Amino acid sequence: MTTINKQWRLKARPVGEPSAETWDYTETEIPTITDGQLLIRVDYISIDPAMRGWLNDAKSYIAPVKIGDVMRAGTVGEVIESKHEKFAVGDYVAGHDGVQSHAVSDGTGLHKVDPNLAPLPYYLGVLGMPGMTGYFGLLKTGQPKAGETVVVSGAAGAVGSLVGQIAKIKGCRVVGIAGGSEKCKFLVDELGFDATIDYKNEDVKKALKKTCPNGVDVYFDNVGGDILNDVLTQINLRARIVICGAISQYNNTTAVKGPSNYLSLLVNRARMEGIVVFDNIKEYPIAMKEIAGWIQSGDIKVKDHIVEGIETFPDTLMMLFKGENFGKLVLKVEE
């Protein structure tokens, strides 16, 4: 067994895009565990847009990562040593143990997962935080009804692709906004979306009128910026706007660009509401069971984008903001 722990730590808070100066890569001895602790070999690390927000020293739904700390991230791995009564060697666990190859834990925030029921990366994606975000954000906040039109941005990403598929299960017309013809083709041909808009090569506002002739009832927003502004011009009476993320704004060096068309909410008596997945943590088992059932029945298809090598973390993170990931972005620790 290796005795080296590879870690990425926050060196300096970025202004705009994270750069080489943002991170410190360290290799240290793996600590010895004490009573009540366990040692985890991290196999996969979740790469999520929310990570950019965790770098800012600002009030949010979760405390920022501290300078010098291991970068926060969702993880899944195997218990390789244990002095904890609830976890045994050979157990697989998911948690938030950060961007490192090994983690010492007291068990807080960990839950066991079964690699025989689903591939390990699924527990960071469709059965993990992105899956829970899409499930609760759409069903509890968006409240789609059969026959309604649901539009989702970032539609080829981990959250968006699930949102669209669940909306189809619920009998909705689904339009996905994504970047590039390959992603758009995948959404229609593989995931069953009714239509797509390629924001890189189309006028989004014009395309919305064409693909949503009856207006928009639910908009699940992962990107913010101009696309949110365009969708607001097409919403229906009593529409629901789910604010999940604003990836187009996360690396801004100027003020976040808010929607100038917000009065459409007033005219249409519409609702815009944010979704933070941790608010639903007690109901995770219910969602996981239902999503797993949909996967088993073939109603939901999963696409993971796996990059190998923990050393690639800074570049892999930036793939999110360049639109280079296709599906749930996951870092495999060992090549």
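Residues numbered from 1 in each chain as written. Predicted model: local features only at pLDDT ≥ 70, side-chain atom pairs only at ≥ 80, totals over all residues. Heavy atoms only, no water.

Undergrad: When you look at the pattern of salt bridges in this model, what are you seeing that I'm missing?
TA: As a working rule, side chains carrying opposite charge can pair if their charged atoms are close by. With the rule as written, the count across this model stands at eleven salt bridges. Two residues, Arg41 and Asp43, come together in a salt bridge whose shortest N-O distance is 2.8 Å. In this structure, Glu78 engages Arg41 in a salt bridge whose closest nitrogen and oxygen atoms are separated by 3.0 Å. Of this pair, Glu78 sits in strand S4 (residues 75-82) while Arg41 sits in strand S3 (residues 38-46), and the two are 37 residues apart along the sequence. (Salt bridge = Lys/Arg side-chain N within 4 Å of Asp/Glu carboxyl O. Helix = DSSP H or I, 4+ residues; strand = E, 2+ residues; numbered from the N terminus.)

Undergrad: Please clarify how the packing of helix H5 (residues 204-211) against helix H6 (residues 225-232) should be interpreted in this entry.
TA: In helix packing, the relevant descriptors are the interaxial angle and the interaxial distance, both defined with respect to the helix axes. It is at 9 Å that the axes of H5 and H6 come closest, and there the two elements cross at 40 degrees. Comparing the axis directions of H5 and H6 gives the class oblique. In this structure, H5 meets H6 at a crossing whose hand is right-handed. The residues of H6 that touch H5, namely those facing Val204, Lys205 and Leu208, are Ile227, Asp230 and Val231. Here the contact of H5 with H6 is built from residues that sort into four nonpolar, no polar and two charged. (Axes fitted to C-alpha atoms, helices over the stretch in contact; angles between N-to-C directions. Parallel < 35°, antiparallel > 145°, perpendicular 65-115°, else oblique. Left-handed = near helix turned anticlockwise from the far one by under 90°. Contact = heavy atoms within 4.5 Å. Nonpolar A, V, L, I, M, F, W, Y, C, P; charged D, E, K, R; others polar.)

Undergrad: Just to check I follow, could you spell out empty space enclosed by the protein for this structure?
TA: The gaps left among the atoms become clear once a water-sized probe is rolled over them. One pass over the full model with this rule turns up one cavity of 30 Å³ or more. What lines the largest cavity is a set of 17 residues, among which Ala158, Ser161, Lys301, Val302 and Lys303 lie closest to the centre. In terms of residue count, helix H3 (residues 158-169) provides more of the lining of the largest cavity than any other element does, four residues in total. Residues belonging to the lining of the largest cavity are distributed by class as follows: eight nonpolar, five polar and four charged. (1 Å grid on protein atoms, 1.4 Å probe; cavity = no way out; pocket = protein on both sides within 12 Å on 5 of 7 lines; lining within 4 Å. Points joined across faces, edges and corners; volume = space filled by probe spheres on them.)

Undergrad: Sorry if this is basic, but what is going on with unusual backbone geometry here?
TA: What you tend to see is this: most non-glycine residues have negative phi, and most peptide bonds are trans. In this structure, Gln143 is a non-glycine residue whose phi angle is positive, near 50 degrees. Tracing the sequence through the fold places Gln143 in the loop between helix H2 (129-142) and strand S8 (149-153). Residue class for Gln143 comes out partly exposed when judged on its relative accessible area of 41%. A positive phi angle, close to 50 degrees, is found at Arg269, a residue other than glycine. (Buried < 20%, exposed > 50% of the residue type's maximum accessible area, 1.4 Å probe, protein only.)

Honestly, it's all geometry; don't read function into it.
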